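Here's the letter readout for the chains.
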2 protein chains.
Amino acid sequence: MSQKSFNLEIYLVTDRELSLGRPLEWVVEQAARGGVDIVQLREKSMDTRPFIEEGKKLKQLLKPYNVPLLINDRLDVALAIGADGVHIGQKDMPYRTARQLLGKDAIIGLSVETYEQAEEANQYDVDYIAISPVFRTPTKEELNTELGLEGVTTICKMSRHRAIGIGSIKAHNAGDVIRAGAEGVAVVSGICSADDPLQATRDIKEQVKKAKTVSADL
Amino acid sequence: MSQKSFNLEIYLVTDRELSLGRPLEWVVEQAARGGVDIVQLREKSMDTRPFIEEGKKLKQLLKPYNVPLLINDRLDVALAIGADGVHIGQKDMPYRTARQLLGKDAIIGLSVETYEQAEEANQYDVDYIAISPVFRTPTKEELNTELGLEGVTTICKMSRHRAIGIGSIKAHNAGDVIRAGAEGVAVVSGICSADDPLQATRDIKEQVKKAKTVSADL
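Not measured: the values here are computed from a predicted model.

(A) Expanded view of the overall build of chain A. From N to C terminus, chain A includes nine helices and eight strands. In terms of overall size, chain A behaves like a compact globule, its C-alpha atoms giving a radius of gyration of 16 Å where 218 residues would be expected to give roughly 17 Å. Projected onto its principal axes, the C-alpha coordinates of chain A cover approximately 45 × 40 × 35 Å. Counting the 218 residues in chain A, one finds 59% classified as buried. For chain A, contacts bridging at least 24 residues in sequence account for 62% of all contacts bridging at least 6. With the model as given, the accessible surface of chain A reaches about 9,500 Å², and the carbon-plus-sulfur share is 47%. In chain A, which carries 28 positive and 32 negative side-chain charges, the distance between the mean positions of the two groups comes to 4 Å.

As structure tokens, then:
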């Protein structure tokens, strides 16, 4: 278990295409003002140079909020901008190689899409796992069947790591994911496509906090 | 000017799609047997994990031939496999950042598509420049107008760096590129799509050598 100090309750994964034509920086700033805990910059088809430029802008923007910035997949971009870490999936760089290249202080998160992958992740000193997808999602069509809330519970019980859920999580179901055992929720369209990303972040955070209070009371 | 010892006469840039369904490793091995001097692995749409696996295979394969392996664009892949260096284009990581991350011993090449970019490259301690494209090419549709042999001559005169040409270079025109001033030629389809990549490599090398002998005689 990592001893690094960072919050995972509301985790924003950026999606330029889902941001309704609004600049990504604006969406991220709104989320920061709304209380987002951590941001992952995900760009799947951008050239490296603009990706780095975007990363630098977000890093600068998030600094006053003390919100860590992770980069999806691309360690080169993370190294170039001095990001706080990376989030890697099962098709990305193998975890141990990523850790060697980034060092022990970097935050490294890993997506797990099956129980086998959750089991395997117990061998690694990842900083958190992302259980993916909790619900069916239009943003990751190629993914396995949804794991559901039962999947979240099962994986949280078998995993020695901090865990968040990802996949079609919004205010109305964020609490369920927490009650199922996750420490936090990763949100994509729930913030990026929200009419008011600041308010959407606040609403989701409120649901997460409420679910945690109830869980603690039980 | 770099003092690193590596040959640039015949420089293979891989292209999986142009390899006519034959495994990339086979094409690269044929080129190595035919006398290729340096290989750049270029993958523009591959996931990071298989990209790293492919890079490891090629590195292993090229080792007995003492042929350096460069990675196109992706410093993360280059770092993960311990490649000899990278080749970067104008949309990739800025040169100085790449040098900081890879260190002084790495080979770093830079594509230049205009006289202005060739001028700018004189500020950097790149190990070579690739003049791109010398001739019109179907593999890089988005590129600027071809620079032509006159462009090669102009850039080679203004540049303090070792230079190769790239863009539709095959045996029939390789000698022209050398006579125009380049030290070597980068070849994509001329080897990847050749019926016999080994023989194609030999044929191009012969033309390069012949042009150099003539140039030296003048």
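(B) Examining the relation of the copies chain A and chain B more closely. Between chain A and chain B, the superposition needs a rotation of 180 degrees and an axial shift of 0.0 Å, giving an RMSD of 0.0 Å. The operation mapping one copy onto its partner corresponds to a two-fold rotation axis. Every residue of chain A has its C-alpha some distance from the rotation axis, and the shortest such distance is that of Asp76(A), at 2.3 Å.

(C) Structural context of the nonpolar core. Grouped together as the largest cluster of nonpolar side chains are 120 residues, with contacts concentrated most on Ile71(A), Ile131(A), Val185(A), Ile71(B), Ile131(B) and Val185(B). When sequence neighbours within four positions are dropped, the list of residues in contact with Ile131(B) reads Val112(B), Leu147(B), Val152(B), Ile155(B), Cys156(B), Ala163(B), Ile164(B), Gly165(B) and Ile166(B).

(D) Layout of the pairing of strand 5 (residues 107-112) of chain B. Residues and elements named next belong to chain B. With six of six residues buried, strand 5 lies mostly within the body of the structure. Of the two faces of strand 5, both are covered, the one formed by Ile107, Gly109 and Ser111 as well as the one formed by Ile108, Leu110 and Val112. Note that strand 4 (residues 85-88) and strand 5 share four bridges and pair parallel. Bridging across to strand 5, Ile88 finds its partner in Leu110. Each parallel crossover has a hand, and for strand 5 linked through helix 5 (residues 115-121) to strand 6 (residues 128-131) it is right-handed.

(E) Up close: helix 4 (residues 95-102) of chain A. When we look at burial in helix 4 of chain A, the residues that qualify are Tyr95(A), Thr97(A), Ala98(A), Arg99(A) and Leu102(A). Against the buried residues of helix 4 of chain A lie helix 3 (75-81), strand 4 (85-88) and strand 5 (107-112) of chain A together with helix 3 (75-81) of chain B. Looking one or two residues beyond helix 4 of chain A, the residue adopting positive phi is Gly103(A), at roughly 90 degrees.

(F) Molecular detail of the interface of chain A and chain B. Taken residue by residue, the interface counts 19 residues in chain A and 19 residues in chain B. Three residues, Arg49(A), Asp76(A) and Lys91(A), lead the burial of chain A against chain B; their summed loss comes to 32% of the area buried on that side. Our count for the chain A to chain B interface comes out at two salt bridges. Across the pair Arg74(A) and Asp76(B) runs a salt bridge whose closest N-O atoms are separated by 3.9 Å. At the level of secondary structure, the elements contributing two or more residues to the side of chain A that touches chain B comprise helix 2 (48-62), helix 3 and helix 4 of chain A. Its residues assigned to classes, the side of chain A that touches chain B shows eight nonpolar, four polar and seven charged.

(G) Quick look at the pattern of salt bridges. The full count for this structure, using the stated rule, is 28 salt bridges over all chains. Note that Lys209(B) is salt-bridged to Glu9(B), the shortest N-O span being 2.9 Å. Residue Lys209(B) is found in helix 9 (residues 197-217), and its partner Glu9(B) is found in the segment before strand 1 (10-13); the two are separated by 200 residues along the sequence. Residue classification places Glu9(B) among the buried residues on the basis of a relative accessible area of 15%. Here the residues in one salt-bridge network are Arg74(A), Asp76(A), Arg74(B) and Asp76(B), joined through shared partners.

(H) Spotlight on the sheet that holds strand 3 (residues 69-72) of chain B. Residue and element names in this part refer to chain B. If you walk around this closed barrel you meet the eight strands as 1-2-3-4-5-6-7-8, and the pairing is parallel. Neighbour-to-neighbour, the strand axes of this sheet turn through a mean angle of 25 degrees, independent of strand direction. In this structure, strand 7 (residues 163-166) lies alongside strand 8 (residues 184-187), joined through three bridges in parallel fashion. Bridge pairing in strand 8 places Gly165 opposite Val185.

(I) Representation of unusual backbone geometry within the structure. Residue and element names in this part refer to chain A. Geometrically, the link from Ser132 to Pro133 is a cis peptide bond, its omega value of -10 degrees lying close to zero. One non-glycine residue with positive phi stands out, namely Asn66, at about 55 degrees. If you trace the backbone, Asn66 turns up in the loop between helix 2 and strand 3 (69-72). Judged by its relative accessible area of 71%, Asn66 is exposed.

(J) Structural view of the packing of helix 1 (residues 24-33) of chain B against helix 2 (residues 48-62) of chain B. All names here are of chain B. Close contact between helix 1 and helix 2 brings their axes to 10 Å; oriented N to C, the two are set at 25 degrees. One way to sum up the angle between helix 1 and helix 2 is to call them roughly parallel. For the pair helix 1 and helix 2, the crossing hand works out as right-handed. Contacts between helix 1 and helix 2 involve Leu24, Glu25, Val28, Glu29 and Ala32 on the former and, on the latter, Glu54, Lys57, Leu58, Leu61 and Leu62. When the residues that make up the contact of helix 1 with helix 2 are grouped by side-chain class, the tally is six nonpolar, no polar and four charged.

(K) How the structure looks around the pairing of strand 7 of chain B. All names here are of chain B. Because side chains alternate across strand 7, one face comprises the buried residues Ala163 and Gly165, and the other comprises Ile164 and Ile166, equally buried. Direction of pairing for strand 6 relative to strand 7: parallel, over a ladder of three bridges. When the bridges of strand 7 are listed, Ile131 appears paired with Gly165. As a crossover connection, the stretch from strand 7 through helix 7 (residues 171-179) into strand 8 is right-handed.

So, how was this worked out
Residues numbered from 1 in each chain as written. Chains lettered and ligands numbered in written order. Predicted model: local features only at pLDDT ≥ 70, side-chain atom pairs only at ≥ 80, totals over all residues. Heavy atoms only, no water. Helix = DSSP H or I, 4+ residues; strand = E, 2+ residues; numbered from the N terminus. Rg over C-alpha atoms; globule rule 2.2 N^0.38 Å. Buried < 20%, exposed > 50% of the residue type's maximum accessible area, 1.4 Å probe, protein only. Contact = heavy atoms within 4.5 Å. Areas by Shrake-Rupley, 256 points an atom, 1.4 Å probe, with all protein chains shown as cover. Lys, Arg positive; Asp, Glu negative; His and termini not counted. Charge placed at Lys NZ, Arg CZ, Asp CG, Glu CD. Least-squares fit on C-alpha atoms with pLDDT ≥ 70 in both. Core = buried A, V, L, I, M, F, W, Y, C linked by side-chain atoms within 4.5 Å. Pairing = 2+ DSSP bridges. Right-handed = clockwise from strand over helix to strand, strands pointing away. Buried area = accessible area lost by both parts, 1.4 Å probe. Salt bridge = Lys/Arg side-chain N within 4 Å of Asp/Glu carboxyl O. Nonpolar A, V, L, I, M, F, W, Y, C, P; charged D, E, K, R; others polar. Axes fitted to C-alpha atoms, helices over the stretch in contact; angles between N-to-C directions. Parallel < 35°, antiparallel > 145°, perpendicular 65-115°, else oblique. Left-handed = near helix turned anticlockwise from the far one by under 90°.

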